[in-house]
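# Coordinate analysis (summary)
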Amino acid sequence: MKRDKKATKDVVAKSRRNFLKTGATAVAGAAALSVPNVARAQEAMVFKFQSTWPSKDIFHEYAQDYVSRVNDMSGGRLKLELLAAGAVAKAFEVQDAVIAGTLDGGHGVCAYWYGKHKAYSLFGTPPAWGWRANQMVGWMKYGGGQALYDELVQQVLGLNLVGFLTGPMPTQPLGWFKKPVEKPEDLSGLKYRTVGLSADLFKEMGAAVTILGGGEIVPAMDRGLLEAAEFNNPSSDRLLGFPDVSKDYMLQSYHQSAECFEIIFNKSKYDALTPDLQAILKYAAESASADMSWKAMDRYSKDLEAMKTEQGVKVHRTPDSVLQAQLAAWDKVITAQSQEPFFAKVVESQKAWTKRVVSTQFDLEVDQKTAYDHFFKA
C-alpha cells in the first residue's frame, strides 16, 4: 500500500514537471510568434510627401504642420516624410509625380495646375466674388465645392488623385514694384509674375505675365527678368527675400482675394489605406487649416511690421482706380472662360454660395473698423 502511494506521488510529480515544461515551451513559443507580429504592426507605412515650396518659406512650415498632425494621429502606422520643392520634382511638376507614384502626396495650390483645365484655378484663385478665404473653404465643405473638385479631378480630367483644400489665405498683396502703381495704365507692358486665373486677369489689364514657382521669383527680379511680382503674404515675401530686390510693397488687390492650399495623394495608394488612416489624412487637413489661420494672424503682422521698421520697405495701398479696373477685367475673364461648361458650372456654384453667405455676413456683423478706429486710431 505504501508502495502504491509512493508510485502515485511519483506519477503526479512527473506529470507536473511535464506540464510545467510543456507549458513553458508553449508560452515561449507563443511569445516568439507574437513579437514579430507586434513589430510588424508598429512598422510605419512611409509616404513621400513633397511641398511645392522652398524649405525656408512659411508655406513649407504649414505643410510640416499638416505632416506632424498625420504622424501623431496615426499612432505609428502611417508616416508622411516631408520634402521641399525640388527634392523629387520641381514645384510645377509635383502633381504629375504624385499621379505617377514617384511621390505619394503633395502640398501646393490648385492654381499651379490650371494649365490642365482653367477651372482648376477656381479652387485656388477664384474671382473676387466678395467672399473671404474662409468662406471659400466653407463652400468646399458645405456649398458643393468638394463634389465639384472631385468631378474635375477624377471625371473631367481622369487623374489618379484624391485631394483636400485647406488653409484659408487672406487677401494677397498686389505685390512688389520698382515704383508704386498709381493708375491701371501703369501695369501696361509691365513684366509681372503671378499664377492661375490671375495671369488671365493681368493679361487683360495689359501686363506681360510670367508664371514662376515661389523660389524662382526673387532671382528673376534680381536679374531684371521681372519688373514686378506678387507671391502671397508678408511672411513668405520676407523669407523669400523680396525686400532685397524691391522696397515698394503694394497691399490690397482683387487678383487673389481668396485662396487656399491643396493637399493631394495618389488615389490608388490612398484607396489601399484602411478607413481610419484615410480619415486621418482628411481630418488632419481640417485641423491644420484652423491652426494655420491663427498662425497667419501672428506671423504676418509681425513680419509686415519688421519689413517696414528694419528693412526700409514702403507700404502703399493699391489705388481704387486699379481695384475697379481689376473687377472690370474679372468680368471679361469670367465671360470668356465660362464658354467651357464645367468652368461655368463651378462659377454658378460659387456665386450662389457667396450671394447667400456674404449677404448674411453683412447682415449679422457690425463694422469692425469703426470700433478699431475708436480705440486705436490717433
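Scope of this entry: the structure provided in the associated data block. (Residues numbered from 1 in each chain as written. Predicted model: local features only at pLDDT ≥ 70, side-chain atom pairs only at ≥ 80, totals over all residues. Heavy atoms only, no water.)

Note that strand 1 (residues 45–51) and strand 2 (residues 78–83) share six bridges and pair parallel. Its bridge partner lying in strand 2, Val46 is registered against Lys79. Tracing the backbone out of strand 1, into helix 2 (residues 58–73) and back to the parallel element strand 2 gives a crossover that is right-handed. (Pairing = 2+ DSSP bridges. Helix = DSSP H or I, 4+ residues; strand = E, 2+ residues; numbered from the N terminus. Right-handed = clockwise from strand over helix to strand, strands pointing away.)

Take the pattern of salt bridges next. A side chain with one charge can pair with a side chain of the opposite charge if their charged atoms come near. Applying the stated criterion across every chain, the model contains 21 salt bridges. Taking the shortest distance from any N to any O, the salt bridge between Glu61 and Lys295 comes out at 2.8 Å. Separated by 234 residues along the polypeptide, Glu61 in helix 2 and Lys295 in helix 10 (residues 275–310) bring together distant segments of the chain. One salt bridge connects Asp291 with Arg69, and the closest N-O pair in it is separated by 3.8 Å. Here Asp291 is found in helix 10, whereas its partner Arg69 is found in helix 2, with 222 residues between them in sequence. Here the residues in one salt-bridge network are Glu61, Asp65, Lys295 and Arg299, joined through shared partners. (Salt bridge = Lys/Arg side-chain N within 4 Å of Asp/Glu carboxyl O.)

Here helix 10 is 36 residues long and its end C-alpha atoms lie 50 Å apart, about the 52 Å a rise of 1.5 Å per residue gives. Along its length, helix 10 reaches its greatest deviation from straightness, about 25 degrees, at Ala296. Where helix 10 ends, the next residue or the one after it, Gly312, has phi of about 70 degrees, a positive value. (Expected span 1.5 Å × (residues − 1). Bend = angle between axes of the 7 residues up to and from the residue.)

On to the sheet that holds strand 10 (residues 259–266), then. Pairing is mixed in the open sheet, where five strands are placed in the order 2-1-3-10-4. Sheet topology places strand 2 and strand 4 (161–169) at the edges, where each strand pairs with a single neighbour. The average angle at which neighbouring strand axes cross in this sheet is 20 degrees, direction not considered. Strand contacts of helix 4 (residues 133–142): strand 4 and strand 10, with the helix running at about 155 degrees to strand 4, the strand carrying the most contacts. Packing of helix 5 (residues 145–156) onto the sheet brings it into contact with strand 4 and strand 10, and relative to strand 4 it is tilted by some 135 degrees. (Axes fitted to C-alpha atoms, helices over the stretch in contact; angles between N-to-C directions. Contact = heavy atoms within 4.5 Å.)

Quick look at the sheet that holds strand 7 (residues 208–210) now. Pairing in this open sheet of six strands is mixed, and the strands run 7-6-8-5-9-11 from one edge to the other. Here the strands that pair on one side only, and so sit at the sheet edges, are strand 7 and strand 11 (314–317). Here strand 9 (residues 248–251) pairs with strand 11 via four bridges, running parallel. Bridge assignment links Asp248 to a residue of strand 11, and that residue is Lys314.

Glancing now at the nonpolar core. Counting residues in hydrophobic clusters, the biggest one holds 86 residues, and the most contacted among them are Phe59, Tyr120, Phe123, Tyr149, Phe177 and Phe242. With seven residues, the top contributor of residues to this core is helix 12 (residues 341–364). Dropping the residues within four chain positions of it, Phe177 is found in contact with Leu187, Leu190, Tyr192, Glu227, Ala228, Ser246, Asp248 and Met250. Counting residues in hydrophobic clusters, the runner-up holds 21 residues, among them Ala63, Phe164, Ile263 and Phe265. (Core = buried A, V, L, I, M, F, W, Y, C linked by side-chain atoms within 4.5 Å. Buried < 20%, exposed > 50% of the residue type's maximum accessible area, 1.4 Å probe, protein only.)

What follows deals with unusual backbone geometry. In the Ramachandran plot, Gln252 falls in the positive-phi region, its phi being about 75 degrees despite a non-glycine side chain. Among the structural elements, Gln252 can be located in the loop between strand 9 and strand 10.

Let's shift gears to the side chain of Asp248. The residue Asp248 is located in strand 9 in this model. Asp248 sits in the buried class, given a relative accessible area of 7%. In terms of polar contacts, Asp248 uses its side chain to reach the side chain of His316, at 2.7 Å. Excluding anything up to four places from it in sequence, Asp248 contacts Gly175, Trp176, Phe177, Lys178, Lys179, Pro180, Lys314 and His316. (Polar contact = N/O pair within 3.5 Å; in protein donor to acceptor, adjacent residues only side chain to side chain.)

The analysis is restricted to geometry; functional conclusions fall outside its scope.
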